[in-house]
Amino acid sequence: MSRLIRWPLAALLLSLLAACATAGAPRPPPDLRVMTFNVRLPAAGDGVNVWEHRRDLFVRTVREADPDVFGTQELHKEQGDYVVAKLPGYRWFGDGRRGGDGDEHMGVFYRSDRLAVIESGNFWLSDTPDVPGSISWGHPFPRMVTWALFERRADGRRFYFFNTHLPYRDEDEAARTRGANEILARLRTLPENVPVVLTGDFNTTPASDAHALLSRVLVDARAAARERAGPDATFHNFTGTPDRRIDWILTRGFTAQRTDTITTHEGALYPSDHFPVLAVLRWNPPAARTP
């Protein structure tokens, strides 16, 4: 009788010890879901594609993609406020490109239950980057970056998030290149051991000098992803047929597991004239220290 009692107890003890050992072993951290999404400003001239017609589809697209954080372009305050009212798990921040709340924002949205903002700010792509609304290099509208240092609530991991929108005209290629250089200058001031995500509508293709410059220190998630879904091209002008890949997610310190170009629509109605791009990113292991 005593053997029958001791054996189950011993087995139970061994099982508990094994469970404790498994619990103490390091586990791969959860992936980070990031997205870039040009909202398309609320323009009355868009006819059937005005914001009021597509805003709930926009909200649905974000809800289904479930990003931890996403950068927007062409966002107006009324649009940002509508999105977070419908998706209360998200918050957003950013200034208008001329300063204050007016005009377009590079609004950054994040799940406040998953991420905390440690610090944030803006800079302008010009010869005077700390002057709100400043313009240089011959293009007609202010261009800027909204950024933040995020901390993940689950484990305290931190990363920098940058979001931008480069000039759009064909003749602005030199300005886009200078904007990329300004972004690189900011990236060089960051700690090398903190990962970085850059999202944006770059208004140029991966064959451009701007992409080549940024790719010296960042990795194009779409090009490097282990799995890809949806079309490569992202701008479709409300037609559903894209012709250029101008919306990118670039990273440092992450490995892209998957990218999706999301083509959600309801008949002929699309949430924007750009397809959003979602990337599932995995933290790279820390670099080994040399003795």
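Structural data are supplied above this passage.
Cut-offs applied
Every residue gets a number counted from 1 within its own chain, in the order that chain's sequence is written. Local features in a predicted model are, by the rule used here, given only for residues with pLDDT of at least 70; side-chain atom pairs are given and counted only at 80 or more, and totals for whole chains, interfaces and linings are based on all residues. Side-chain numbers here rest on the full set of heavy atoms in the structure, without hydrogens or water. Salt bridges are defined by distance alone: a side-chain nitrogen of Lys or Arg within 4 Å of a carboxyl oxygen of Asp or Glu. Counting from the N terminus, the helices are DSSP H or I runs at least four residues long and the strands are E runs at least two residues long. Partly exposed residues are those whose accessible area sits between 20% and 50% of the maximum for their type, while under 20% is buried and over 50% is exposed, using a 1.4 Å probe and protein chains only. In this analysis, axes come from line fits to C-alpha atoms, helices being fitted only over the stretch in contact, and the angle between any two N-to-C directions falls in the range 0 to 180 degrees. Just so you know how the angles are binned, under 35 degrees is roughly parallel, over 145 roughly antiparallel, 65 to 115 roughly perpendicular, and the rest oblique. By definition, turning the near helix anticlockwise from the far helix through less than a right angle yields a left-handed crossing, and turning it clockwise yields a right-handed one. In this description, contact between two residues means that some pair of their heavy atoms is separated by no more than 4.5 Å. Aromatic rings from Phe, Tyr and Trp, with only the six-membered ring used for Trp, were paired whenever their centres fell within 6.5 Å, and each pair was classed as stacked if the ring planes differed by under 30 degrees, edge-to-face if by over 60, and tilted otherwise. Put simply, a charge is over a ring when the Lys NZ or the Arg CZ is close to the ring centre, within 6 Å, and near the line of the ring normal, within 35 degrees. Pairing between strands is defined by DSSP: at least two bridges between them are needed. With strands facing away from the observer, any crossover in which the path from the first strand over the helix to the second runs clockwise is taken as right-handed.

Chemist: Would you mind showing me how to read the pattern of salt bridges here?
Modeler: Charged atoms that come close allow side chains of opposite charge to pair. Counted according to the given criterion, the structure contains 26 salt bridges. Across the salt bridge formed by Arg60 and Glu64, the nearest N and O atoms sit 3.1 Å from each other. In this pair, Arg60 and Glu64 are both assigned in helix α2 (residues 51-65), four residues apart and thus about one turn of the helix distant. Residue Glu64 is classed as partly exposed on the basis of its relative accessible area of 48%.

Chemist: It is not clear to me how the packing of α2 against helix α3 (residues 77-86) should be interpreted in this structure. Could you clarify?
Modeler: When two helices pack together, their arrangement is given by the angle between the helix axes and the distance between those axes. At a minimum axis distance of 10 Å, the contact between α2 and α3 shows a crossing angle of 50°. As far as their axial angle goes, α3 and α2 are oblique. For α2 against α3, the interelement crossing comes out right-handed. Listed contacts from α3 to Trp51, Glu52, Arg54, Arg55, Asp56, Phe58, Val59 and Arg63 of α2 are Glu78, Gln79, Tyr82, Val83 and Lys86.

Chemist: Can you help me understand unusual backbone geometry in this one?
Modeler: Excluding glycine, residues mostly have negative phi values, and the peptide bonds linking residues are mostly trans. Positive phi, close to 70°, is recorded for Arg40, a residue that is not glycine. Inspection of the secondary structure assignment puts Arg40 in the loop between β1 (32-38) and α2. Here Asp103, not a glycine, exhibits a phi torsion of approximately 65°, which is positive. Within the secondary structure, Asp103 is located in the loop between β3 (90-93) and β4 (108-111). Residue Asp103 is classed as partly exposed on the basis of its relative accessible area of 23%.

Chemist: Where do I start with the packing of aromatic side chains in this structure?
Modeler: Overall, the coordinates contain 19 aromatic pairs when judged by the stated rule. Summarising the aromatic geometry, the rings of Trp51 and Phe58 are spaced 5.6 Å apart at their centres and angled 65° between planes, so their arrangement reads as edge-to-face. Judged on exposure class, the residue Trp51 and its partner Phe58 are both buried. These aromatic residues form a ring-pair network of at least three members: Phe93, Tyr110, Phe150, Phe159, Phe161, Phe254 and Trp283. One cation-aromatic arrangement involves Arg186 over Phe123; the distance from NZ or CZ to the ring centre is 4.3 Å.

Chemist: Hey, could you run me through the environment of Ser120 in this one?
Modeler: As for its position among the elements, Ser120 is in strand β5 (residues 115-124). Sequence separation between Ser120 and Tyr160 is 40 residues, and the spatial gap between their C-alpha atoms is 9.3 Å. Contacts of Ser120, omitting those with residues within four sequence positions, involve Phe93, Trp147 and Ala148.

Chemist: Sorry, what's going on with the pairing of strand β7 (residues 158-165) here?
Modeler: With seven of eight residues buried, β7 lies mostly within the body of the structure. Relative to β7, strand β6 (residues 144-152) runs antiparallel, the two sharing seven bridges. Bridge pairing links Ala148 to Phe161 in β7. Remark: five residues form the turn of the hairpin made by β6 and β7, two consecutive strands paired antiparallel; Gly156 in that turn has positive phi of roughly 80°. Relative to strand β8 (residues 196-201), β7 is paired through six bridges, and the arrangement is parallel. Along β8, the bridge assignment pairs Phe161 with Val197. Once you follow β7 into helix α4 (residues 173-187) and on to β8, the crossover reads as right-handed.

Chemist: What's the story with the sheet that holds strand β10 (residues 227-229) in this structure? I'm lost.
Modeler: If you walk across this open sheet you meet the seven strands as β3-β4-β2-β1-β13-β12-β10, and the pairing is mixed. Whereas interior strands pair on both sides, the edge strands pair on one side only; in this sheet they are β3 and β10. Neighbour-to-neighbour, the strand axes of the sheet open up by a mean angle of 20°, direction not taken into account. Pairing geometry for β1 and strand β2 (residues 69-73), over five bridges, is parallel. Paired with Thr36 across the bridge in β2 is Gly71. Each of β1, β2, β3 and β13 (277-283) is contacted by α2, which is oriented at about 160° to β1, the strand it contacts most.

Chemist: Explain the sheet that holds β6 to me, please; I cannot follow it from the model alone.
Modeler: Across a sheet, strands are paired by hydrogen bonds formed along the backbone, either parallel or antiparallel in direction. If you trace the six strands from one edge of the open sheet to the other, you get β5-β6-β7-β8-β11-β9, paired in mixed fashion. At either margin of the open sheet sits one strand with a lone partner, and together these are β5 and β9 (219-220). As paired elements, β9 and strand β11 (residues 247-252) share two bridges and run antiparallel to each other. Across the sheet, Val219 pairs through a bridge with Thr251, a residue of β11.

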